[in-house]
There are 2 protein chains.
Amino acid sequence: MSRQMARPGGRSARVQASVHAAVRELTSEVGRDALTVPMIAQRAGVTPSTIYRRWGDLQELMSDVAVERLRPDTAPKDLGDLVSDLTAWAEQFFDEMASPAGRAYIRDALLGDPDGSNAGQCSAYAAEQIDVILTRATERGENAPDTEAVIDHVVAPLMYRILFRPDGLDASYARRLVATAVAPSHKGPPPTA
Amino acid sequence: MSRQMARPGGRSARVQASVHAAVRELTSEVGRDALTVPMIAQRAGVTPSTIYRRWGDLQELMSDVAVERLRPDTAPKDLGDLVSDLTAWAEQFFDEMASPAGRAYIRDALLGDPDGSNAGQCSAYAAEQIDVILTRATERGENAPDTEAVIDHVVAPLMYRILFRPDGLDASYARRLVATAVAPSHKGPPPTA
């Protein structure tokens, strides 16, 4: 993660925004493997030393960009019931993570930090969003599974197949996973791809 | 994957074995990030050009080593019933994948190939082992889930938590996942970590 907090509107925030934007632009232009810190610095209009001082090295920067990119920027939609809310969230999660950019960000998040803190942060983002949806459902009086169960039966299968078995995967798979995860006492056969 | 098939006992097989062993030894001695092709070649007793000619570059070699390392070398044990067979397999899978070496190999397999073929191969290894266990159970007359359901509800949660949420994970989680996946018509609440 970034070594400084980015105060919105401050110079730190502007540097982070410009460096992150430069990484995203250059990744699509020249490819992930061709990126260098001087190249990113030039595009971002900062000195390489600014990047080294703040991020340490390219891999830490890439991991930081990935985690920032994977951070949800809005609360889950409230569509009035648990199945609708969780289905909408899972479809959006699938679309974002299964995109070429999403897959690349997941890879960088997994690789950028040997201690796994960035991967853990990505998972925490998903758990926080699910918490919001399940708490809302409980407040409505709906029977909701717990967050870890949704992680096991919705998030984990989606991420596993995106990373390891992407063939033929689409949003209908996300919908089937949600339907099973929120079925009363989880009866019925599990979804299959 | 290796650009040549390794004929058991042939020079190709000996080169692959010595290079793979050198990668494993040096990874534990100097760490993954310090590895270089000349260093690996010296340890393996081959020329760097032998490695470049066969593997292309270090990342492809590391991905190849990872896939080879993750390949099961024995058929799943036949303990006489589905729950015992799948539990034993899942516990072994968890132990191997959750180990520091296992996590590193998974990372390399995911990173080494932009087209995802190596990650797909790792998943195919798991699916093949599960197929053997489920076919055996069906032949015994047991009611067995299909392979994709076991991928969704046993393999995917294990891999997801190993990669993203490892805190507090142990083999009892693998046992709970199996118990739910093979429960008649999957009744009962899902396991949680």
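Residues numbered from 1 in each chain as written. Chains lettered and ligands numbered in written order. Predicted model: local features only at pLDDT ≥ 70, side-chain atom pairs only at ≥ 80, totals over all residues. Heavy atoms only, no water.

Named according to an unreviewed UniProt entry, chain A is TetR/AcrR family transcriptional regulator originating from Streptomyces morookaense.

1. Here's the deal with the overall build of chain A
What chain A contains, in helices and strands, is 9 helices and 0 strands. In chain A, which comprises 193 residues, the proportion classed as buried is 50%. Of all intrachain contacts in chain A linking residues separated by at least 6 positions in sequence, the fraction that spans at least 24 positions is 63%. When the accessible area of chain A is evaluated, it comes to approximately 8,700 Å², of which 53% is carbon and sulfur surface. (Helix = DSSP H or I, 4+ residues; strand = E, 2+ residues; numbered from the N terminus. Buried < 20%, exposed > 50% of the residue type's maximum accessible area, 1.4 Å probe, protein only. Contact = heavy atoms within 4.5 Å. Areas by Shrake-Rupley, 256 points an atom, 1.4 Å probe, with all protein chains shown as cover.)

2. As for helix α2 (residues 37-44) of chain B
Residue and element names in this part refer to chain B. All buried positions along α2 are accounted for by V37, I40, A41 and A44. Looking down the long axis of α2, one finds its buried residues gathered within 100° of arc, a one-sided arrangement. In the segment just after α2, G45 is the residue with positive phi, at about 75°. (Arc of directions from axis to C-beta.)

3. Let's talk about the UniProt feature "DNA-binding region" (unreviewed entry) in chain A
Those places that UniProt annotates as "DNA-binding region" (unreviewed entry) correspond, in this numbering, to residues 36-55 of chain A. Taken end to end, residues 36-55 of chain A is 80% helix and 0% strand, and its first and last C-alpha atoms sit 13 Å apart. (UniProt positions renumbered as here; feature names shortened; annotations may be inferred.)

4. Side note on the UniProt feature "domain: HTH tetR-type" (unreviewed entry) in chain A
UniProt marks residues 13-73 of chain A with the feature "domain: HTH tetR-type" (unreviewed entry), using the numbering shown here. Taken end to end, residues 13-73 of chain A is 77% helix and 0% strand, and its two terminal C-alpha atoms sit 16 Å from one another.

5. A look at the confidence of the model for chain A
All names here are of chain A. This prediction gives chain A a mean pLDDT of 87; 88% of its residues lie at or above 70. Averaged over each element, pLDDT in chain A is lowest for helix α6 (residues 100-112) (83) and highest for helix α2 (residues 37-44) (96). For the stretch residues 185-191, pLDDT sits under 50, and the model shows 26 contacts to residues farther than four places along the chain or on other chains. For this predicted complex, the interface confidence reaches an ipTM of 0.81, while the overall pTM sits at 0.82. (pLDDT = per-residue confidence, 0-100.)

6. Here's the deal with the domain arrangement of chain A
Considered domain by domain, chain A is made up of domain 1 (10-56) and domain 2 (71-182). When each unit is reduced to the centre of its C-alpha atoms, the spacing between domain 1 of chain A and domain 2 of chain A is 29 Å. (Domains from an automatic or database assignment.)

7. Some details on the environment of A101 of chain A
Residue and element names in this part refer to chain A. Within the secondary structure, A101 sits in helix α6. Residue A101 is classed as partly exposed on the basis of its relative accessible area, which comes to 38%. The spatial distance from the C-alpha of A101 to the C-alpha of N143 is 36 Å, given a sequence separation of 42 residues.

8. Side note on the pattern of salt bridges
Residue and element names in this part refer to chain A. The full count for this structure, using the stated rule, is 26 salt bridges over all chains. Of the charged contacts, one joins D85 and R136 as a salt bridge, the two residues approaching to 3.2 Å between their closest N and O atoms. In this pair, D85 sits in helix α5 (residues 82-98) while R136 sits in helix α7 (residues 117-139), placing the two residues 51 residues apart along the sequence. Neither D85 nor R136 differs from the other in exposure class; each is buried. (Salt bridge = Lys/Arg side-chain N within 4 Å of Asp/Glu carboxyl O.)

9. Some remarks on helix α5 (residues 82-98) of chain B
Residue and element names in this part refer to chain B. In this model α5 runs 23 Å from its N-terminal to its C-terminal C-alpha over 17 residues, within 8% of the 24 Å that 1.5 Å per residue would give. Within the sequence span of α5, burial applies to L82, D85, L86, T87, A88, W89, A90, F93, F94, M97 and A98. On the buried face of α5, the contacting elements are α4 (58-70), α6 (100-112), α7 (117-139), α8 (147-164) and α9 (171-181). Where α5 begins, the capping side chain belongs to D81, and its oxygen is found 3.2 Å from the backbone nitrogen of V83. (Expected span 1.5 Å × (residues − 1). Polar contact = N/O pair within 3.5 Å; in protein donor to acceptor, adjacent residues only side chain to side chain.)

10. Topic: the packing of α2 of chain B against helix α3 (residues 48-55) of chain B
Residues and elements named next belong to chain B. Between α2 and α3, whose axes approach to 8 Å, the crossing angle comes to 110°. Regarding the angle of α2 to α3, the classification is roughly perpendicular. Note that α2 runs across α3; the crossing there is right-handed. Taken together, the residues of α3 that come into contact with α2 (itself represented by V37, P38, I40 and A41) are P48, I51 and Y52. Looking at the contact of α2 with α3 residue by residue, the classes come out as 7 nonpolar, no polar and no charged. (Axes fitted to C-alpha atoms, helices over the stretch in contact; angles between N-to-C directions. Parallel < 35°, antiparallel > 145°, perpendicular 65-115°, else oblique. Left-handed = near helix turned anticlockwise from the far one by under 90°. Nonpolar A, V, L, I, M, F, W, Y, C, P; charged D, E, K, R; others polar.)

11. A word on the packing of helix α1 (residues 11-30) of chain A against α2 of chain A
All names here are of chain A. The geometry of α1 relative to α2 is characterised by a closest axis approach of 8 Å and an angle of 115° between their N-to-C directions. Here α1 and α2 pass one another in a crossing that is right-handed. On α2, the residues that touch S18, V19, A22, V23, E25, L26, E29 and V30 of α1 are M39, I40, R43 and A44. Classifying every residue of the contact of α1 with α2 gives 8 nonpolar, 1 polar and 3 charged.

12. Digging into the side chain of D108 of chain A
For D108 of chain A, the location among the structural elements is in helix α6. When neighbours within four sequence positions are excluded, D108 of chain A is seen to be in contact with R32, M62, S63 and A66 of chain A.

13. Here's the deal with the environment of P157 of chain A
Counting through the fold element by element, P157 of chain A comes out in helix α8 (residues 147-164). As a C-alpha pair, P157 of chain A and V182 of chain A span 25 residues in sequence and 15 Å in three-dimensional space. In contact with P157 of chain A, not counting residues within four places along its chain, are I151, D152, Y173 and L177 of chain A together with D152 and A156 of chain B.

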